[in-house]
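Here's the letter readout for the chains.
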Amino acid sequence: MRGETPMADAERLVQRFLDRELSAEECMDFVVRLGRDEALRARVIAVERLVLEASRLPRPVVPDDFVSGVLSRAARPEPAWRRLLAVLRAPRTLQWNLAGAAAAVALVVLVVGGGLAGLRTGRPAPEAARAVADGGSGATPVLVRLVVVQPGAMTVAAAGDFNGWDPGQTPLEPVSNGAWTVTVPLEPGRYEYMFVVDGEEWIVDPFAVEQSDDGFGSRNAVLEVRPPAETSL
Amino acid sequence: MEPEAADDAALVQAAQQGNAEAFGALVSRHARSILSVTTRMLGPGADAEDVAQEAFVAAFKALPGFQGGSKFSTWLYRIAVNRCTDWLRARRPGTFSIDAAADGVAWEPADDDTPHSELEQAELAWEIERGIQDLPHLYRESFVLRHIEGLGYEEMSAILGVHRDTLKMRVYKARTLLCRSLAHLEEAPR
């Protein structure tokens, strides 16, 4: 049970073809293969048609009063309670996420602080963080602590968008009373994740604030990590 | 810098100096794209228009701090996507009806030549719209940005704050799910 199942080689080739990412040589090989493989050909045609038709979908007509509506709303003073809320929300983000049932309780804590930059992953900061920083908020690294209670487990790991769904990259350490924990530095963004117990049992967080159906019969917990000032956008 | 981005930069600079007309021009330039995203993310209707307006208002308030580290359009998409996510979180999914909501939004006519192809095109477009609405949220936002807005993975990564490889996976899954939901059209005699 896994949220983001890796693509098969043939499927990866199809996707790279559709995204125009094949080299000239690879493209030639692929076209030859298409000539031989009827099923693959039908698959490519179906997806190409979908992509073409999606790009042709009609756009909504912008109402005549749209621009004046925006300018009118922008000129309106912010209500006092919203200004107060913005002040209260801006300095830090703290989210608790209880996971698991009686035997599996997970806790996700977000800690925000500029001094945590040294713990960031090697992945370059996404442009989104800079885009938000452009909004005057300042991109801030966020440490997410994952805690799961799994008495009797030999190993526990986390897998999600943040590590390419590779549980090997994010093992949890046992602490006490059957609790396991790991701290993961995350860029601001939305992440789906699951816990992997003893290397084979994938458990989803039933108490996650948000869960996502991946459309393939599984559900993932969704964790949203936001830079603090973004709450005002 | 692309010509459109260069024009945006000049308008942003003027708007930052208090020129409301310049900000109005920015809204006018990007309203179609932002409304398209909010409509597809939330479903057509008055809420999508309201959320699109909210996104522009949020951009207006944050504009003094915008330093041009990204394209204005990228920054704006980011704000709009966040607004959509907030709206969806506040309102539980599954209550959207394309038929009920379609009255609220006008759509540009399809460019087609014969009544027959117009009908087929309309049917296919409707099926695709419905399929998009049925996609899981994360796949829907990726598909809309990639194939309706025509953005590249780098820009999508900047907007969504997600690595491009993850986005490719999401777009791939969205395509797969949509192809499945459209398979009955291929099987039916046309």
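Residues numbered from 1 in each chain as written. Chains lettered and ligands numbered in written order. Predicted model: local features only at pLDDT ≥ 70, side-chain atom pairs only at ≥ 80, totals over all residues.

1. What about the overall build of chain B?
Line of reasoning, step 1. Check the secondary structure of chain B and you find nine helices and zero strands.
Line of reasoning, step 2. Helices (α) and strands (β) of chain B occur, in sequence order from the N terminus, as α-α-α-α-α-α-α-α-α.
Line of reasoning, step 3. Out of the 190 residues belonging to chain B, those deemed buried represent 47%.
Line of reasoning, step 4. In chain B, of all internal contacts separated by at least 6 residues, the share reaching a separation of at least 24 is 66%. (Helix = DSSP H or I, 4+ residues; strand = E, 2+ residues; numbered from the N terminus. Buried ≥ 20, exposed ≤ 12 C-beta atoms within 10 Å, placed from the backbone. Contact = placed C-beta atoms within 7 Å.)

2. A closer look at the overall build of chain A
Line of reasoning, step 1. Within chain A one finds six helices and nine strands.
Line of reasoning, step 2. Residues classed as buried in chain A amount to 34% of the 233 residues present.
Line of reasoning, step 3. Across chain A, every contact between residues at least 6 apart in sequence was considered, and the portion connecting residues at least 24 apart equals 66%.

3. Topic: helix α8 (residues 153–160) of chain B
Line of reasoning, step 1. Along α8 of chain B, seven of the eight residues are buried, which leaves the element largely enclosed by surrounding structure.
Line of reasoning, step 2. Once α8 of chain B finishes, Gly161 of chain B follows within two positions and takes phi at roughly 70°, a positive value.

4. A closer look at the pairing of strand β3 (residues 156–160) of chain A
Residue and element names in this part refer to chain A.
Line of reasoning, step 1. The buried fraction of β3 is high, at five of five residues.
Line of reasoning, step 2. Along β3, one buried face is formed by Val156, Ala158 and Gly160 and the opposite face, lined by Ala157 and Ala159, is buried too.
Line of reasoning, step 3. Inspection of the sheet shows β3 paired to strand β6 (residues 189–197) by five bridges, in the antiparallel sense. Each bridged residue has a counterpart across the sheet, and for Ala157 the counterpart in β6 is Val196. (Pairing = 2+ DSSP bridges.)

5. Section: the packing of helix α4 (residues 72–90) of chain B against α8 of chain B
Residue and element names in this part refer to chain B.
Line of reasoning, step 1. Contact pair α4 / α8: the axes reach a minimum separation of 8 Å and the direction vectors enclose 50°. Here α4 is positioned oblique relative to α8, judged by the angle of their axes. Of the two possible hands of crossing, α4 and α8 adopt the one that is right-handed. On α8, the residues touching Thr74, Tyr77, Arg78 and Val81 of α4 are Glu155, Ala158, Ile159 and Leu160.
Line of reasoning, step 2. Considering only residue class, the contact of α4 with α8 consists of five nonpolar, one polar and two charged. (Axes fitted to C-alpha atoms, helices over the stretch in contact; angles between N-to-C directions. Parallel < 35°, antiparallel > 145°, perpendicular 65-115°, else oblique. Left-handed = near helix turned anticlockwise from the far one by under 90°. Nonpolar A, V, L, I, M, F, W, Y, C, P; charged D, E, K, R; others polar.)

6. Looking at helix α2 (residues 20–42) of chain B
Line of reasoning, step 1. Here α2 of chain B is 23 residues long, yet its end C-alpha atoms lie only 29 Å apart, well below the 33 Å a rise of 1.5 Å per residue gives.
Line of reasoning, step 2. Looking at the residues trailing α2 of chain B, positive phi occurs at Gly43 of chain B, about 95°. (Expected span 1.5 Å × (residues − 1).)

7. Let's talk about the nonpolar core
Line of reasoning, step 1. Counting residues in each nonpolar core, the largest one holds 60 residues, and the members touching the most others are Ile34, Ala52, Ala55, Leu76 and Ala80 of chain B.
Line of reasoning, step 2. Beyond its immediate chain neighbours, meaning those up to four positions away, Ile34 of chain B contacts Ala52, Ala55, Leu76 and Ala80 of chain B.
Line of reasoning, step 3. Residues Val148, Val156, Ile203 and Leu223 of chain A belong to the second largest nonpolar core, which totals 28 residues. (Core = buried A, V, L, I, M, F, W, Y, C linked by C-beta atoms within 7 Å.)

8. What to know about the environment of Phe162 of chain A
Line of reasoning, step 1. Among the structural elements, Phe162 of chain A can be located in the loop between β3 and β4 (173–174).
Line of reasoning, step 2. Phe162 of chain A sits 31 residues away from Tyr193 of chain A along the chain, and the two C-alpha atoms are 8.0 Å apart.

9. Topic: the packing of α2 of chain B against helix α7 (residues 137–148) of chain B
Residues and elements named next belong to chain B.
Line of reasoning, step 1. With their axes 10 Å apart at the nearest point, α2 and α7 run at an angle of 145° to one another. The handedness of the crossing between α2 and α7 is right-handed. Side by side, α2 and α7 meet where Ser36, Val37, Arg40 and Met41 of the first sit next to Arg140, Glu141, Val144 and Ile148 of the second.
Line of reasoning, step 2. Taken together, the residues of the contact of α2 with α7 sort by class into four nonpolar, one polar and three charged.

10. Topic: the confidence of the model for chain B
Residues and elements named next belong to chain B.
Line of reasoning, step 1. For chain B, mean pLDDT is 81; residues scoring 70 or higher make up 78% of the total.
Line of reasoning, step 2. Per-residue pLDDT stays below 50 along residues 93–104; that stretch engages in 15 contacts with residues further than four places along the chain or on separate chains.
Line of reasoning, step 3. Per the prediction output, this complex has pTM 0.60; the corresponding ipTM is 0.78. (pLDDT = per-residue confidence, 0-100.)

11. Thoughts on the confidence of the model for chain A
All names here are of chain A.
Line of reasoning, step 1. Of the residues in chain A, 62% reach a pLDDT of 70 or more, and the chain-wide mean stands at 70.
Line of reasoning, step 2. Considering only residues more than four positions removed or in separate chains, one finds that residues 1–6, a stretch of pLDDT under 50, has 14 contacts.
Line of reasoning, step 3. Contacts from residues 90–105, a stretch scored under 50 in pLDDT, to residues over four places away or in other chains number 50 contacts.

12. Looking at the environment of Glu141 of chain B
All names here are of chain B.
Line of reasoning, step 1. Structurally, the position occupied by Glu141 is in helix α7.
Line of reasoning, step 2. Assessed through the 26 C-beta atoms surrounding it within 10 Å, Glu141 is described here as buried.
Line of reasoning, step 3. Separated by 101 residues in the primary sequence, Glu141 and Arg40 have C-alpha atoms spaced 8.4 Å apart.

13. With respect to the environment of Pro188 of chain A
Line of reasoning, step 1. Here Pro188 of chain A lies in the loop between β5 (179–186) and β6.
Line of reasoning, step 2. Distance in space between the C-alpha atoms of Pro188 of chain A and Pro227 of chain A is 5.8 Å, their sequence separation being 39 residues.

14. Quick notes on unusual backbone geometry
Line of reasoning, step 1. Located in the positive-phi region is Arg20 of chain A, a residue other than glycine, with phi close to 55°.
Line of reasoning, step 2. The exposure class of Arg20 of chain A is exposed, given the 7 C-beta atoms found within 10 Å.

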